Every structure is written in C-alpha cells, then in structure tokens.
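What the coordinates show
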Amino acid sequence: MWTLDLGCTLAANLVLSVLTALTALHFCCVGGVQITALKVPETVVNGSEAAILDCEYTLKPEESKAVLTSGLVIKWFFNNGPAPVYQWIPGQKPQELGLLKGRLDLQHKASSQVAAMYRALRIVRPTTDLSGEYKCTVSTFDNEDFMIKKMIVYAPEKRLEVMQAQAEQDAVNISCRAQGLFPEPKMSLYKITDADQRIPMEGVNAETRRREEAGEGWDITATARLHDEELNTTAVIECLLSLPGTPYSRKKSMVYYPGRALAWTDSGGVGAWRAEINRLYTIIYFVHYCIVSLLLASS
C-alpha cells in the first residue's frame, strides 16, 4: 500500500512538473510580446545627419490582428529615467518627450506594418548630451518586454597641437594639447627614432579639464621633459589622442633636434664667427624642419 501511494505521488509530481514547463514555454514563446532585436549604434559622431535606434518585436497572432485593441504601447527611456522620452500607440501620433522634444524625425517609419510603423527613433543631428543608455519597452494588456543598449555621441577635438619650450640648456618640455572633446579623452607621448622604434616617453603627465559650458566637452594636455642625452640623433615626437569607447584616434608629430637649445642659450664672449655659425645652424635647422614636416604630412 505504501509503495502504491509513493508511486502515485511521484507520478503526480512528474505530471505537475511537465505541465509547469509547458505553461512556461507557452508564455515565453507564444504567450506575449517579445523584443527580438534592439538596434542602437554604439558610437555616433557629434552633429552627424541622424542616428536611428530601432526596437524589433513580435506579438501574439491575435494581438497582431487586433493591434488597436491589444493595448500595444512602445516607449523609449533615457538613462533609466522614470519618464519616457518617446511614446507611440498604434492609431495615434508618435510623441517626443523630455530630452528628445524637438529632436526627432516623427515622420520616420521603421516598418509598413501597422503594429510596428513608428517603433524606432530617428534622432536628427545628435549631440554629446544624448550619450547614454536607451531602453525600449513594448507592452500590451497581457505582457511587457524591454531591452537596454548604450550609445556614445563623440566629439573630435576642435584643435590639436604639439609644442616644445626650452626648460634647461640641454632639455626641453614637450607638450601636446587638444580642446573640445567628448567623452573624456586619453593622450600619450612617444619618441620615434631613426630606426622606427616607437618608445613611450617617461614621466608623462596628462591632465584633463571639463569645460564649464554645457556640451563643450573636455580639454587635455600631456607634458614631458626630454633631455639631449636621451637621444643622439634627430627624433620624431608623436602625440596620440584617443576617445575611450569609440573608434576615434588621431596623432600629430613634430621633429626634435638634440642640441638645438645650446645654440639658443650660448651667450657672453661669443665671437663673430660663433654668431655666424649659430645663424647658419638655425637656417639649416629651419630648412630641414620644413622638409621633414612636408614628408610627414604627405605620408
């Protein structure tokens, strides 16, 4: 008797488990709305023509046939905010809200189907303040689904320059400066020798500063000191600028001549012949600098 009761209990538990699994499968696969793809560009250039964010989804067959009475609502949220920045209900006009007010192309159609026509965002001339996480939610009377992806609107520099300033008789300060970038940039300095060796410069100090004006981005400056004894020949100093999380990078180079500072700092008791040599050295340096600069620009 005990064995029979145990067998019945095990059978009942098995049947219950199978029914539970089938119910879960039904609601997962055919029971309600499901987002199948959230297409958000990872990076967009500041001020580019447009950025399209699309949210693809499927509905139950009966919901697709009766879209206007299924309670279908598509909403987009920005950075997990409590209020949507976009909302569309089939049968009504799409609404741009909050941060995206006045920044969307409301005529853009992602599909010819009534249930998906205005599901997507077409942001016109996106700017850096629109960098962040975008959440699409699709809901009906019976179910809801959501998905989140991040987009970075990056801004290249407005200006990039490499400079040198004499620090000591046999040393110069090398500095590289860029302005107006987004997101917060990174910068490195390298020495490139005649043997094409790319050597990171030591003691580089890189500082970033957020601009006070909204949407103006970041400035960055990297500095290092270079001594003549570190090199025994002409070298190229390279500044590498990058924006983390984006494919953007840019480099700019300048030519450094060891010993050049000596001709500038020699003073007191210098004869006429030394002065002429210094002037000739300066002319030769200038011509050589122009030639090398032209070669670098054309490469």
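Cut-offs used in this document
- Residues numbered from 1 in each chain as written.
- Predicted model: local features only at pLDDT ≥ 70, side-chain atom pairs only at ≥ 80, totals over all residues.
- Heavy atoms only, no water.
- Buried < 20%, exposed > 50% of the residue type's maximum accessible area, 1.4 Å probe, protein only.
- Helix = DSSP H or I, 4+ residues; strand = E, 2+ residues; numbered from the N terminus.
- Pairing = 2+ DSSP bridges.
- Disulfide = S-S within 2.5 Å.
- pLDDT = per-residue confidence, 0-100.
- Contact = heavy atoms within 4.5 Å.
- Axes fitted to C-alpha atoms, helices over the stretch in contact; angles between N-to-C directions.
- Core = buried A, V, L, I, M, F, W, Y, C linked by side-chain atoms within 4.5 Å.
- Polar contact = N/O pair within 3.5 Å; in protein donor to acceptor, adjacent residues only side chain to side chain.
- Phe/Tyr/Trp six-rings, centres within 6.5 Å; stacked < 30°, edge-to-face > 60°.
- Lys NZ or Arg CZ within 6 Å of the ring centre and 35° of its normal.

It is a general feature of regular strands that their side chains alternate between the two faces of the sheet. The buried fraction of strand β16 (residues 235–242) amounts to six of the eight residues, a majority that puts the element mostly inside the structure. The sheet contact formed by strand β12 (residues 186–192) and β16 spans seven bridges and is antiparallel. The partner of K191 across the bridge, within β16, is I237. One ladder, built from eight bridges, connects β16 with strand β17 (residues 249–256); its direction is antiparallel. Paired with E238 across the two strands is S253, which belongs to β17. Turn length for the β16-β17 hairpin, with the two strands adjacent in sequence and antiparallel, is six residues, and the turn residue G245 shows positive phi of about 85°.

The next subject is the state of the cysteines. The full count for this structure, using the stated rule, is two disulfides. Across the disulfide from C55 sits C136; the S-S distance is 2.1 Å. Here the disulfide of C55 and C136 is left-handed, its torsion about the S-S bond being about -90°. With C55 in strand β3 (residues 50–58) and C136 in strand β8 (residues 132–139), the pair connects residues that are 81 residues apart, well separated along the chain. Between the sulfur atoms of C176 and its disulfide mate C239 the distance is 2.0 Å.

Before going further, it helps to examine the confidence of the model for the protein chain. Looking at the protein chain as a whole, the pLDDT averages 81, with 74% of positions reaching at least 70. Long-range and interchain partners of residues 18–30, a stretch whose pLDDT sits below 50, account for six contacts in this model, where long-range means more than four residues apart. When the criterion is pLDDT under 50, residues 261–278 qualifies, and its contacts beyond four places in sequence or with other chains add up to eleven contacts.

It is worth spelling out the sheet that holds strand β7 (residues 121–124) at this point. Working definition: the strands of a sheet are paired by backbone hydrogen bonds and lie parallel or antiparallel to each other. If you trace the three strands from one edge of the open sheet to the other, you get β1-β3-β7, paired in antiparallel fashion. Edge strands, defined here as strands with exactly one partner in the open sheet, are β1 (34–39) and β7. Direction aside, neighbouring strands of the sheet carry axes that sit 10° apart on average. When β3 meets β7, the two strands line up antiparallel, connected through four bridges. Note on β7: the bridge partner recorded for L53 is L121.

Time to look at the nonpolar core. Counting 32 residues, the largest nonpolar core has L53, Y57, W76, V138 and M151 as the members making the most contacts within it. Ranked by the residues each element gives to this core, the list is headed by β3, at four residues. The residues touching V138, leaving out its near neighbours within four places in the chain, are V33, I35, C55, Y57, L72, V73, I74, N143, E144 and D145. Ranked by size, the runner-up nonpolar core spans 23 residues in total, among them Y154, L181, L189 and Y256.

A word on unusual backbone geometry. Omega for the peptide link from F182 to P183 comes to 0°, which places this bond in the cis form. Along the chain, P183 turns up in the loop between β11 (171–181) and β12. Of note, N79 is a non-glycine position whose phi angle comes to about 50°, a positive value. By secondary structure assignment, the location of N79 is in the loop between β4 (73–78) and β5 (86–88). With a phi close to 60°, N80 is a non-glycine residue in the positive phi region. With respect to the secondary-structure elements, N80 resides in the loop between β4 and β5.

Before going further, it helps to examine the side chain of T246. By secondary structure assignment, the location of T246 is in the loop between β16 and β17. Here L243 takes part through its backbone oxygen, which lies 2.8 Å from a polar atom of the side chain of T246. Discounting chain neighbours no more than four positions away, the residues touching T246 are T43, I152, Y154 and P183.

For the coordinates displayed, the defined rule picks out three aromatic pairs. Note on Y154 and Y248: the rings are 6.1 Å apart at their centroids and 40° apart in plane angle, and the pair reads as tilted. Placement of Y154 in strand β9 (residues 144–154) and of Y248 in the loop between β16 and β17 is noted, with a sequence separation of 94 residues between them. For Y154, a relative accessible area of 9% corresponds to the buried category. Sitting over the face of the ring of F146, K135 holds its NZ or CZ atom 5.4 Å from the ring centroid.

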